Amino acid sequence: MSVRWETEGLQTVGIVCLVIMFLKLMHLLGLIDITETDSSESDLELSTVRHQPEGLDQLQAQTKFTRKELQSLYRGFKNECPSGLVDEETFKSIYSQFFPQGDATTYAHFLFNAFDIDRNGSIRFEDFVIGLSVLLRGSVTEKLNWAFNLYDINKDGYITKEEMLEIMKSIYDMMGRYTYPCVRDDAPSEHVDKFFQKMDKNRDGVVTIEEFIETCQKDENIMNSMQLFENVI
């Protein structure tokens with residue numbers, strides 16, 4: 001596996017990495033293949049976990065998954081996480097398995113925070129499946145809002161150069177020796193400058209959600225990346 005880091009499309013790399021990482025997590029949990037469920041599994045099995053997720057009807061209303069898909073997703077989640085919760089260290093451990101040549105710790109930290117909706121230090125099944133629904137079946141605007149939330153590290157409604165640099169460094173660290181050609185030390189900063197030249201329309205030093213969505217919607221590569229995994233499950 002190799003990635004050629006193109007300056008004009010680096011923001012696409014971040015978004016694609018986000019989706020690919022999430023798909024690998026799904027694969028690890030055994031969630032890619034949706035199997036038939038019998039009528040006895042018409043609701044979530046709640047008795048064996050400490051955290052009890054919301055009912056199927058409510059989750060079906062909040063996501064774009066069918067009842068059977070939610071049942072299958074829950075079985076995989078419960079098998080890997082019997083407590084019904086995923087803490088940050090477990091999340092990081094899962095990601096590190098797929099990037100032995102790099103260090104996925106920082107990227108996994110940012111991604112974990114994006115999924116941890118209520119900021120309580122753990123990801124519930126509800127958090128997991130709502131995020132998955134956005135990434136795989138959400139509208140373009142919903143996906144871009146999710147990506148913006150990932151990049152907006154301190155959640156103040158703006159992406160700063162410092163935040164984007166942290167994200168870019170974490171992606172390079174994660175890919176490790178898979179990057180080709182070899183990355184110069186100043187490459188992340190150069191890519192962040194390119195990102196801001198394209199995104200920061202009013203040149204005020206920050207990127208707003210409106211600037212981010214408007215620019216991404218005009219970028220053919222980003223729009224194509226938004227559609228890559230819509231029919232995965």
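No experiment lies behind these values; they were computed from the predicted model shown.

### Topic: the overall build of the chain
1) Next: Of the regular secondary structure elements, the chain holds 11 helices and 4 strands.
2) Next: Looking at the chain residue by residue over its 233 residues, the buried ones come to 50%.
3) Next: Once local pairs closer than 6 in sequence are excluded, the contacts in the chain between residues at least 24 apart make up 71%.
4) Next: When the accessible surface of the chain is totalled, it reaches about 11,200 Å², and 48% of it is carbon and sulfur.

### Digging into the packing of aromatic side chains
1) Next: On inspection of all chains with the given rule, the structure shows 9 aromatic pairs.
2) Next: A centroid spacing of 5.8 Å and a plane angle of 80° characterise the contact between Tyr151 and Phe212, whose relative ring orientation is edge-to-face. A residue pair is termed long-range when its members are at least 10 positions apart, and Tyr151 in helix H7 (residues 140-151) and Phe212 in helix H10 (residues 209-217) qualify at 61 residues.
3) Next: Each member of the aromatic cluster is reached from another via a ring pair, and the members are Tyr74, Phe77, Phe125 and Phe128.

### Considering the confidence of the model for the chain
1) Next: Per-residue pLDDT for the chain has a mean of 77; in total, 70% of the residues score no lower than 70.
2) Next: Below pLDDT 50 for its whole length, residues 1-13 participates in 36 contacts with residues either more than four positions away or in separate chains.
3) Next: Contacts of residues 28-49 to residues separated by more than four positions or lying in other chains number 54 contacts, the stretch itself having pLDDT below 50.

### Regarding the side chain of Thr63
1) Next: Within the secondary structure layout, Thr63 lies in the loop between helix H2 (56-62) and helix H3 (67-80).
2) Next: You can call Thr63 buried: its relative accessible area is 8%.
3) Next: In terms of polar contacts, Thr63 uses its side chain to reach the backbone carbonyl oxygen of Leu59, at 2.8 Å.
4) Next: Reaching out from Thr63, the side chain makes a polar contact with the backbone nitrogen of Phe65 at a distance of 3.4 Å.
5) Next: Once residues lying within four places of it in the same chain are set aside, the contact partners of Thr63 are Leu70, Val129, Ile130 and Ser133.

### Comments concerning unusual backbone geometry
1) Next: Notably, Arg119 is not glycine yet its phi reads approximately 55°, a positive angle.
2) Next: Tracing the sequence through the fold places Arg119 in the loop between helix H5 (105-115) and strand E2 (122-124).
3) Next: In this structure Arg119 comes out as partly exposed when scored by relative accessible area, which is 43%.
4) Next: The phi dihedral of Lys155 is positive, around 55°, even though this residue is not glycine.

### Brief notes about the pattern of salt bridges
1) Next: Following the criterion strictly, the structure yields 11 salt bridges and no others.
2) Next: Among the salt bridges present, the one from Asp118 reaches Arg124, with a minimum N-O distance of 3.9 Å.
3) Next: For Asp118, a relative accessible area of 39% gives the class partly exposed.
4) Next: Taken together, the shared-partner salt bridges connect Asp118, Arg124, Glu126 and Asp127 into one network.

### Regarding the environment of Asn120
1) Next: Relative to the helices and strands, Asn120 is located in the loop between H5 and E2.
2) Next: Each C-alpha atom of the pair Asn120 and Asp87 lies 9.5 Å from the other, and the pair is 33 residues apart in sequence.

### A short note on helix H8 (residues 161-175)
1) Next: Between the first and last C-alpha of H8 there are 21 Å, a value that for 15 residues agrees with the 21 Å anticipated at 1.5 Å per step.
2) Next: Just downstream of H8, Gly176 is the residue with a positive phi angle, here 55°.

### Considering the environment of Lys201
1) Next: Looking at the element boundaries, Lys201 is found in the loop between helix H9 (187-199) and strand E4 (206-208).
2) Next: Along the backbone, Lys201 and Phe212 are 11 residues apart, and their C-alpha atoms lie at a distance of 9.3 Å.
3) Next: Among all residues touching Lys201, those that are not within four sequence positions of it are Glu211 and Thr215.
4) Next: Side-chain polar atoms of Lys201 contact the backbone oxygen of Lys198, separated by 3.4 Å.

Reading the values: the criteria
Residues numbered from 1 in each chain as written. Predicted model: local features only at pLDDT ≥ 70, side-chain atom pairs only at ≥ 80, totals over all residues. Heavy atoms only, no water. Helix = DSSP H or I, 4+ residues; strand = E, 2+ residues; numbered from the N terminus. Buried < 20%, exposed > 50% of the residue type's maximum accessible area, 1.4 Å probe, protein only. Contact = heavy atoms within 4.5 Å. Areas by Shrake-Rupley, 256 points an atom, 1.4 Å probe, with all protein chains shown as cover. Phe/Tyr/Trp six-rings, centres within 6.5 Å; stacked < 30°, edge-to-face > 60°. pLDDT = per-residue confidence, 0-100. Polar contact = N/O pair within 3.5 Å; in protein donor to acceptor, adjacent residues only side chain to side chain. Salt bridge = Lys/Arg side-chain N within 4 Å of Asp/Glu carboxyl O. Expected span 1.5 Å × (residues − 1).

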